[in-house]
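So you can see what is in the structure, the chains are spelled out below.
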Amino acid sequence: MRRLVLALVLAFAPAVATAQAAPRTLLVRLVTAAEGAPLGYGVVSLPALGVERFTPASGTVALPVPEAGPVRLRARRLGFTPVDTTVTVGEGASTTVTVALARVSFTLDAVKVVAWPPCLTPGLAAADARVRAVVEQLQENAERYRLLVRQYPFVYTVRREFGEKGSDGSYIAQRTDVIPVEGRSEWTYRPGTLIAREPSRVPGGRPDWVMRIPGIADLAEASFIAQHCFHVAGVEEKAGQRLLRLDIVAAEALKDVDVNVEAWLDPEDYRLRHATFTLTRPPRQVRGLVRSTTAVEYREVIPFVPVVAVTTAENTVQQGRGAPRVSVERQRMERVLFQGPRPDSLLTAPPPDGR
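Conventions used here
- Residues numbered from 1 in each chain as written.
- Predicted model: local features only at pLDDT ≥ 70, side-chain atom pairs only at ≥ 80, totals over all residues.
- Heavy atoms only, no water.
- Helix = DSSP H or I, 4+ residues; strand = E, 2+ residues; numbered from the N terminus.
- Buried < 20%, exposed > 50% of the residue type's maximum accessible area, 1.4 Å probe, protein only.
- Areas by Shrake-Rupley, 256 points an atom, 1.4 Å probe, with all protein chains shown as cover.
- Lys, Arg positive; Asp, Glu negative; His and termini not counted.
- Charge placed at Lys NZ, Arg CZ, Asp CG, Glu CD.
- Core = buried A, V, L, I, M, F, W, Y, C linked by side-chain atoms within 4.5 Å.
- Contact = heavy atoms within 4.5 Å.
- 1 Å grid on protein atoms, 1.4 Å probe; cavity = no way out; pocket = protein on both sides within 12 Å on 5 of 7 lines; lining within 4 Å.
- Points joined across faces, edges and corners; volume = space filled by probe spheres on them.
- Nonpolar A, V, L, I, M, F, W, Y, C, P; charged D, E, K, R; others polar.
- Pairing = 2+ DSSP bridges.
- Axes fitted to C-alpha atoms, helices over the stretch in contact; angles between N-to-C directions.
- Disulfide = S-S within 2.5 Å.

### Focus: the overall build of the chain
Regarding its fold elements, the chain presents 3 helices and 18 strands. Based on the C-alpha atoms only, the size of the chain along its principal axes is roughly 100 × 55 × 40 Å. Looking at the 355 residues of the chain, the share that counts as buried comes to 43%. As displayed, the chain offers around 19000 Å² of accessible surface, 52% of which is attributable to carbon and sulfur atoms. Put simply, the chain has 44 plus and 37 minus side-chain charges, and the middle of one group is 4 Å from the middle of the other.

Spelled out as structure tokens, the structure:
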């Protein structure tokens, strides 16, 4: 009899365990606070569970939860104020909650030509509410990019073109090549690491000094925020659009070369459109370099998630007593190749490779 009882316990144990672990679903519906309209292309997360998802155009996303009870929920969307709240998951198989997000709204003036003061108190501690709100939207662009490369890893091919500017301002192309680039960068912004040595692009050549430009994800790094001052310059014309310009100035206390940044965002939904990165001073490692700037244009692979589309780097070098030489490197994204699952439900149009 004892053996029979033991066998029955073992037979029923998996069923009991399965019942205890029955999955539950939390359906989160994002809407606009003013109109109650569905709000697509947001991001919803359950921080304690390590769950984070993009929302499709419908604004509703399903999140797995292990058990009933309270859970912290965070909802975000470009152009809207984030919501951080606690919701209660019911005992049933699914629970639906609606989260209303309010639009970011403040007065934006036209750009006034000013010289910003030296950055003596970097970070956001002394920033006003408007600056904080715009920087938060810039960070949201960066966080969305981070989520994209984490959930949907991809590589893209880049066509590079190397050339020079003539003394009359004309451009002379010299050579081109095509290289693959990982969506996730191996380098993360840290003060003092923008100038580094890497293996030569020419087989058998000496290592090259390279200038690293902060990527989209770096703009959300605490170390980047802590080493820069932020100024809302206003709205101006840029590439045929009326865009909001945010000026970012490197801290005076930085001993090594860093970057000053001009970033342009859409004033309606705060999507990142353009940025220009300028080295704070010529690096001593690169002889003769007088000035280095990189202009970046961004596009979207999925709605409201910026990726680098075109970069144009110009380096002005003074050698001897002659006129300075301006070398130019242009990079253009050509194809996007997802390495795993594709965000098809979020795509508004096929990526450049058509796959």
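Back to the text.
### A short note on the nonpolar core
Formed by 55 residues in total, the largest nonpolar core has its most connected members in F54, L148, F154, F224, F230 and L246. Residue contacts for L246: discarding those within four places in its chain leaves V134, V135, L138, F230, H231, V232, V261, E262, A263 and L265. Formed by 19 residues, the second largest nonpolar core is a distinct cluster that contains L30, V44, V51 and F80.

### Remarks on the layout of surface pockets
One number sums up the size of the second largest pocket: a volume of about 220 Å³. T121, A126, C229, F230 and H231 are, among the 14 residues lining the second largest pocket, the residues nearest its centre. Ranked by residue count, the leading element in the lining of the second largest pocket is strand 12 (residues 228-238), at 4 residues. Looking at side-chain class alone, the lining of the second largest pocket contains 10 nonpolar, 3 polar and 1 charged residues.

### As for the sheet that holds strand 5 (residues 69-76)
Spatially, 3-2-5-6 is the arrangement adopted by the 4 strands of the open sheet, whose pairing is antiparallel. The open sheet has two edge strands with one neighbour each: strand 3 (51-54) and strand 6 (83-89). Each adjacent strand pair in this sheet contributes to an overall mean axis angle of 25°, direction not counted. Here strand 2 (residues 43-46) pairs with strand 3 via 4 bridges, running antiparallel. Within strand 3, the position partnered with V44 by the bridge is R53. Helix 2 (residues 129-151) contacts strand 2, strand 3 and strand 5 of the sheet and is inclined by roughly 100° relative to strand 3.

### Brief notes about the sheet that holds strand 9 (residues 171-182)
With antiparallel pairing, the 9 strands of this open sheet are ordered in space as 9-8-18-17-16-15-14-13-12. Here the strands that pair on one side only, and so sit at the sheet edges, are strand 9 and strand 12. In this sheet, adjacent strand axes meet at a mean angle of 20° when their direction is disregarded. Bridge count between strand 12 and strand 13 (residues 241-250): 10 bridges; the pairing is antiparallel. Residue pairing across strands places E237 opposite R242, the latter belonging to strand 13. Set on the sheet, helix 2 makes contact with strand 8 (154-165), strand 12, strand 13, strand 14 (259-265), strand 15 (272-279), strand 16 (289-302) and strand 17 (305-317); between it and strand 17 the angle comes to about 105°.

### Description of the pairing of strand 15
Summarising burial for strand 15: 8 of the 8 residues are buried, a large majority. With 7 bridges joining them, strand 14 and strand 15 adopt antiparallel strand pairing. Directly across from A263, in strand 15, lies its bridge partner A275. Where strand 15 and strand 16 come together, 5 bridges link them in antiparallel fashion. Bridging across to strand 16, A275 finds its partner in V296.

### Points about empty space enclosed by the protein
Per the stated rule, a full pass over the model turns up 1 cavity of 30 Å³ or more. Empty space within the largest cavity amounts to approximately 40 Å³. Forming the walls of the largest cavity are N141, R271, L272, R273, Y298, R299, E300, F304, V305 and P306. Those elements that provide at least two residues to the lining of the largest cavity are strand 15, strand 16 and strand 17. Top contributing element to the lining of the largest cavity by residue count: strand 16, with 3 residues.

### Focus: the state of the cysteines
If you walk through the whole model with that rule in mind, you get 1 disulfide. One disulfide bridge connects C119 with C229, the sulfur atoms lying 2.0 Å from each other. Judged by the torsion about the S-S bond (80°), the C119/C229 disulfide is right-handed. Placement of C119 in the loop between strand 7 (94-101) and helix 2 and of C229 in strand 12 is noted, with a sequence separation of 110 residues between them. C229 carries the same exposure label as C119, and that label is buried.

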